[in-house]
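Take a look at the letters that make up each chain.
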Amino acid sequence: MKLEIKAIIKGDFVLDKPVKAMFPPCECVIYEEKGTYYISIFKKIVDYRNYIPRYYTDSGNTISGFTVTKVEIYEDMINLLQYIESMGAFNFGIHSISWDEPQIIWIPQADEERGIMPILSHQKKYRRDSSSKILKDSNLMNLSIYREGLNGVYIPFTYYRQGRILFDLRQYYFAYINFFMMLEYCFANGKFKKDTMLREFTSCHILRQSIESTLKMIKEDTNKTHFEWLKQECENRHKEVDVEGILYVLVEFRGLLSHATKLSEKYLFHSNELFSLALIISCICFYVCGHLQIGNCLFGKQKEEYLFGTGR
């Protein structure tokens, strides 16, 4: 039995014929199909019966469905796609390979391999939020009216925008870096060392408010996944699940992910492990953006009290 992993490939290159190479024990082919470029990795599987899709029913015959191909049999093929994407970006202009949404195809090569699977092909797909807002004259006019007050905060909003783009692309590693840069730009006052940065962060009124709002939201969510993740990270560092504890976790991960080391390497192609972290900081930044936008449209004492707290 042969296994094929197929993914879309994009880049600054053209093909006049399929391009092939061996990456033992795998074979790689880049080709065009109906106007789209694809890359396929092929590998022969001897003990295929342990990994192929199967049809199942429960004991009461009330639930039925398919089990898909076990990931461990093609994990090395995904790693190969990641390698080609990274090295090909420099060597022949690859922009991306959709290795996170591969099509998995089983190819029978002998009579006894035929008809033993309920499906020969399946694909992992992520749900994308396609909702769009209706843009009105008032939206653009508000940016014009409040431009003087908001002109000084468009830089942190730029970090937020880039973080959202990367988050929506499920690139949680680099999304986190951009979100943290927004907080750093707004509240670190040029301090980069861990202890001094934490002091600056904990003294910021709207940052504390934003963290409290985020904490309340994830605690009240019916899906406790993100709160449980945060609770565990705080416990690992002997911190309470409060503003100080959350800031400590954020700064710790900043130190880990902003440096290219063996410790951060494992997250580069497995950034799904950072999903909760990226979601939590994205919510914090969202609240910060709201506070900055409101506060910078106020004037005098009202502005000071909103942005810095009554006691400042």
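No experiment lies behind these values; they were computed from the predicted model shown.

Caption draft 1: Representation of the pairing of strand β3 (residues 26-33). Where strand β2 (residues 19-23) lies against β3, five bridges are found, and the strand directions are antiparallel. Residue V19 lies in a different strand from β3, and its bridge partner there is I30. Taking the residues that link successive antiparallel strands as the turn, the β2-β3 hairpin has two residues. In terms of strand pairing, β3 meets strand β4 (residues 36-44) through seven bridges, oriented antiparallel. Considered in β4, the bridge of V29 is made with S40. Here β3 folds back onto β4, and the loop between the two strands holds two residues, one of which, K34, carries a positive phi near 55°.

Caption draft 2: Representation of the nonpolar core in the model. L183, F201 and L207 are the most contacted members of the largest nonpolar core, which totals 50 residues. Of all the elements in the fold, those that place two or more residues in this core are α4 (154-168), α5 (172-187), α6 (194-202), α7 (205-220), α8 (225-236), α9 (243-257) and α11 (275-295). If you tally residues by element for this core, the top one is α11, at eleven residues. Aside from chain neighbours lying at most four places away, what touches F201 is F180, L183, E184, F187, A188, L207, L247 and V251. Of all hydrophobic cores here, the second largest spans 27 residues; its members include I30, I45, I52 and M77.

Caption draft 3: Summary view of the pattern of salt bridges. The tally for this structure, following the rule as stated, stands at 13 salt bridges. With a closest N to O distance of 3.1 Å, E220 and K216 form a salt bridge. Of this pair, E220 and K216 both sit in helix α7, four residues apart, which is roughly one turn of that helix. Between K301 and E305 there is a salt bridge, with the nearest N and O atoms lying 3.9 Å from each other. One end of the pair, K301, and the other, E305, are both in helix α12 (residues 300-308), four residues apart, so they sit about a helical turn from each other. Exposure remark for K301: the relative accessible area of 63% places this residue in the exposed category. It is possible to trace a salt-bridge network through shared partners that takes in K194, E233, R237 and E252.

About the criteria used
- The numbering scheme is per chain: residues are counted from 1 as the chain's sequence reads.
- Under the rules for a predicted model, residues below a pLDDT of 70 receive no local features and side-chain atom pairs below 80 are neither given nor counted, while totals for whole chains, interfaces and linings still include all residues.
- Note that water and hydrogens are dropped before the side-chain values are worked out from all heavy atoms of the structure.
- The pairing criterion for strands is at least two bridges between them, as found by DSSP.
- Runs of E in the DSSP output that reach at least two residues are strands. Runs of H or I that reach at least four are helices, and both are numbered from the N terminus.
- Grouping buried Ala, Val, Leu, Ile, Met, Phe, Trp, Tyr and Cys residues that are joined through side-chain atoms within 4.5 Å yields what is termed a nonpolar core.
- Accessibility here uses a 1.4 Å probe with only protein chains present; expressed as a share of the type maximum, an area under 20% marks a residue as buried, one over 50% as exposed, and anything in between as partly exposed.
- Between two residues, a contact is recorded if the distance between any of their heavy atoms is within 4.5 Å.
- By definition, a salt bridge exists where a carboxyl oxygen of Asp or Glu is found within 4 Å of a side-chain nitrogen of Lys or Arg.

Just geometry here; none of it tells us what the structure is for.
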